[in-house]
Amino acid sequence: MPSLLVIDDDRAVLHLVARAFAEQDVEILTAHTSEEGLALAQERGPDVVLLDIMLPGVSGFDLIEELRRGEPRLPVIFITARDDSETAIGAMKRGAYDYLVKPLDVGRLRELVRQAMETRRIMSIPVGIAAEDVGDDESEGSLLVGCSPQMLEVYKAIGRVSNQDVTVLIRGESGTGKELVARAIHLHSARADKPFLAVNCAALPEALLESELFGHEKGAFTGAESRHIGKFEQLTGGTIFLDEIGDMSPLVQSKVLRLLQEQKFERVGGSQTIQTDVRIIAATNRDLQKMVQKDAYRSDLYYRLNGVTIEIPPLRERGEDLVLLIENFLGKYRRRMKREGIEGIAPEAVEILKRYRWPGNVRELESVVRLAVMNATGPVIVPACLPDDLRNGDAEGDGSGNGSMRDDLLGFVQRRLQAGTENLYAESLELMERCLLSRVLQTTSGNQSHAAKILGITRGSLRNKIRSLGISIEQVVNVEGDGE
């Protein structure tokens, strides 16, 4: 029978708790002082502790450290008469499972104790993924993790192109790790001792991007009070990574094309031709070929970029790489957040992570693991530490036609905001488009002609979108065949 230890000097509270669980299969242990409660906890090993903050002698805030020192898996729920920010913050900083405000709500009390006992049960099971130590921050920045066949192809491609001083185009969905691949190419090249810089072309307006890349002369435009040296000039001998190159304006595209062809350019507002020596690695999550067909992207720049291409697979296609990535991020944030006491992730939480389809790919996985480490109240990360939409299964089918599109998007946006992002608009649009196409294809049982008619686009456009977004029709409609 599970046991609940109540440590409170208020006999009315002890009586209320006893009555609340009188008809439930829970053993109630009571103590009036900190010393008595600690001795009882050490002797009986309760499953959950209800602990008053304001105790005579040693306070509840001090006692929790003693209780958790003996049993770090022990969920402690604070009881307090003060409903203020300092009390709440102080309780959670000390690793409390949660806290309740007097007078106690019996329904809330029962539910919270039930959840805490379930958490204790899960934490008593051997972890599904153990936390491992990772290297220092310098090595983390260049770390590519995974041993799936798809990632092995990526590694081989990096090896083939790194020492060849050619332009490389990296393609893949948002969050797949395109910048990590670019850094790996640079670190394995003859330019490794020179600078590497990443520029997000979608994050800057046209005029600012042109100035950042090529520099400007004094007086070139309003506010240009002095000469500015651009990145291509600063990085002579090094490598520049142009992320989201599909979002460049036609003007900047033309100047980048000339740089690729001649390694020459002029600053904005200048006439002097500047010679540089910089390697360009570009990346995009957009279908540049389709943009060329619509005259939305320069064909000559596309063909120049598309000579050497590396495709990064989405996380949902990388099999057991998911576990390797979780282990890496768990070790990384356990150390960064000084949570070395975290031993790993419970099997039930691991299953939730495996079921989810990760529309935000590796970047989203990293933010979820970071959030879980922050939410952990004991040495094991349990399902309650994960975002609600993952636990409730609302986003389980991202990209496969299941779940609520609204909940999928809201959950995704919330995690990206918590993690910090610089490209949320483009990532959210991509997720909405993937969800929309998946829902329509599911409705038409995979009939692409019918789906294209519903969407108001050509069948060829639909095919291109299915390919660029990585949608699997078999998974969407759960049938064999290609949906023709």
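This write-up is about the structure you can find in this document. If you're wondering where the values come from, they're calculated on a predicted model, not measured in any experiment. (Residues numbered from 1 in each chain as written. Predicted model: local features only at pLDDT ≥ 70, side-chain atom pairs only at ≥ 80, totals over all residues. Heavy atoms only, no water.)

Some remarks on helix H14 (residues 321-336)
Consideration 1: Taking 1.5 Å of rise per residue, the 16 residues of H14 would be expected to cover 22 Å, and the 22 Å separating its terminal C-alpha atoms lies within 8% of that figure.
Consideration 2: For H14, the tally of buried residues reaches 12 of 16 residues, placing the bulk of the element in the interior.
Consideration 3: Considered for burial, the residues of H14 that qualify are Asp321, Leu322, Val323, Leu325, Ile326, Asn328, Phe329, Leu330, Gly331, Lys332, Tyr333 and Arg334.
Consideration 4: Downstream of H14 by a residue or two, Lys338 has a phi angle that is positive, lying close to 55°. (Helix = DSSP H or I, 4+ residues; strand = E, 2+ residues; numbered from the N terminus. Expected span 1.5 Å × (residues − 1). Buried < 20%, exposed > 50% of the residue type's maximum accessible area, 1.4 Å probe, protein only.)

Re the sheet that holds strand S15 (residues 380-381)
Consideration 1: If you walk across this open sheet you meet the three strands as S6-S14-S15, and the pairing is mixed. On the outer flanks of this sheet lie strand S6 (129-130) and S15, each paired with one strand and no other.
Consideration 2: Alignment of S6 against strand S14 (residues 344-345), held across two bridges, turns out to be antiparallel. Its bridge partner being in S14, Ala130 is matched across the sheet by Gly344. (Pairing = 2+ DSSP bridges.)

A closer look at the nonpolar core
Consideration 1: Grouped together as the largest cluster of nonpolar side chains are 35 residues, with contacts concentrated most on Leu330, Ile345, Leu353, Trp358, Leu365 and Ile381.
Consideration 2: For this core, the secondary-structure elements that each account for two or more residues are helix H5 (106-123), H14, helix H15 (347-355), helix H16 (361-375) and S15.
Consideration 3: At seven residues, H14 tops the list of elements feeding residues into this core.
Consideration 4: Beyond its immediate chain neighbours, meaning those up to four positions away, Leu365 contacts Leu315, Leu322, Leu325, Ile326, Phe329 and Trp358.
Consideration 5: Counting 29 residues, the second largest nonpolar core, distinct from the first, contains Leu169, Met248, Leu259 and Ala282. (Core = buried A, V, L, I, M, F, W, Y, C linked by side-chain atoms within 4.5 Å. Contact = heavy atoms within 4.5 Å.)

Thoughts on the packing of helix H19 (residues 424-443) against helix H20 (residues 448-455)
Consideration 1: Contact pair H19 / H20: the axes reach a minimum separation of 9 Å and the direction vectors enclose 125°. The angle between the axes of H19 and H20 places the two elements in the oblique class. The interaxial crossing formed by H19 with H20 has right-handed handedness. Between H19 and H20, the contacting residues are Leu436, Leu437, Val440 and Leu441 on the first element and Gln448, Ala451, Ile454 and Leu455 on the second. (Axes fitted to C-alpha atoms, helices over the stretch in contact; angles between N-to-C directions. Parallel < 35°, antiparallel > 145°, perpendicular 65-115°, else oblique. Left-handed = near helix turned anticlockwise from the far one by under 90°.)

A closer look at the side chain of Glu366
Consideration 1: With respect to the helices and strands, Glu366 occurs in helix H16.
Consideration 2: When sequence neighbours within four positions are dropped, the list of residues in contact with Glu366 reads Phe329, Lys332 and Tyr333.

Examining a nonpolar patch on the surface
Consideration 1: A cluster of nonpolar residues, Tyr425, Leu429 and Met432, forms a patch on the protein surface that exposes about 320 Å² of accessible area.
Consideration 2: Residue class for Leu429 comes out partly exposed when judged on its relative accessible area of 38%. (Patch = residues over 30% accessible without salt bridge, like charges linked within 9 Å, V, L, I, M, F, W, Y side chains within 5 Å. Areas by Shrake-Rupley, 256 points an atom, 1.4 Å probe, with all protein chains shown as cover. Salt bridge = Lys/Arg side-chain N within 4 Å of Asp/Glu carboxyl O.)

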